[in-house]
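Chains, contacts and geometry: an overview
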Amino acid sequence: MSLLVLHVHSSSNNTILSLTDANGKVIVNASGGTVGFKKAQRAGFEAAYQATASIAATVKERGINVRSVELRLKGFGAGREAAFKAVNSVTNWAITRIVDTTPIPFNGCRPKKARRL
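Residues numbered from 1 in each chain as written. Predicted model: local features only at pLDDT ≥ 70, side-chain atom pairs only at ≥ 80, totals over all residues. Heavy atoms only, no water.

1. So, the overall build of the protein
Across its full length, the protein carries three helices and five strands. Each helix (α) and strand (β) of the protein, taken in turn from the N terminus, gives the series β-β-β-α-α-β-α-β. Taking the principal axes of its C-alpha atoms as reference, the protein extends roughly 65 × 30 × 20 Å. Residues counted as buried form 36% of the 117 residues belonging to the protein. Pairs at least 24 residues apart make up 64% of the contacts formed inside the protein by residues separated by at least 6 positions. Summed over all atoms, the accessible surface of the protein reaches about 7800 Å², with 52% contributed by carbon and sulfur. Counting 17 positive and 6 negative side-chain charges, the protein places the averaged centre of each group 14 Å from the other. (Helix = DSSP H or I, 4+ residues; strand = E, 2+ residues; numbered from the N terminus. Buried < 20%, exposed > 50% of the residue type's maximum accessible area, 1.4 Å probe, protein only. Contact = heavy atoms within 4.5 Å. Areas by Shrake-Rupley, 256 points an atom, 1.4 Å probe, with all protein chains shown as cover. Lys, Arg positive; Asp, Glu negative; His and termini not counted. Charge placed at Lys NZ, Arg CZ, Asp CG, Glu CD.)

2. Remarks on the side chain of Asp21
Relative to the assigned elements, Asp21 resides in strand S2 (residues 15–21). It turns out Asp21 is buried and unbridged, and the closest side chain with the opposite charge, Lys25, is 5.9 Å from it. Of the polar contacts made by the side chain of Asp21, one reaches the backbone nitrogen of Lys25; its length is 2.7 Å. What Asp21 contacts, discounting residues up to four positions off in sequence, is Leu3, Leu4, Val5 and Ile27. (Salt bridge = Lys/Arg side-chain N within 4 Å of Asp/Glu carboxyl O. Polar contact = N/O pair within 3.5 Å; in protein donor to acceptor, adjacent residues only side chain to side chain.)

And the structure:
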């Protein structure tokens, strides 16, 4: 296939990975929970690493030819770095671009009223 996009949504509770085509159609997805981790362990480094390895194995099993991958990282969890390292070590996919899509507020919500004593 041509360019594929690996979306990594890493929160404080879980890491969700989705491999999509250029249009956004999901081909394969995995998370810390689908790999077999429970509760707080889903957010860890190892869960994200194994989820990425699971995606690579599923892609190979289905016979999808992946040459290059665009990596889109979202969130501030431990799975960001783990997914990147897993793509480099487990697969032989070339990473063409790394994009951080974490939503950042430009002004945000109004703060709480100052407490007076």
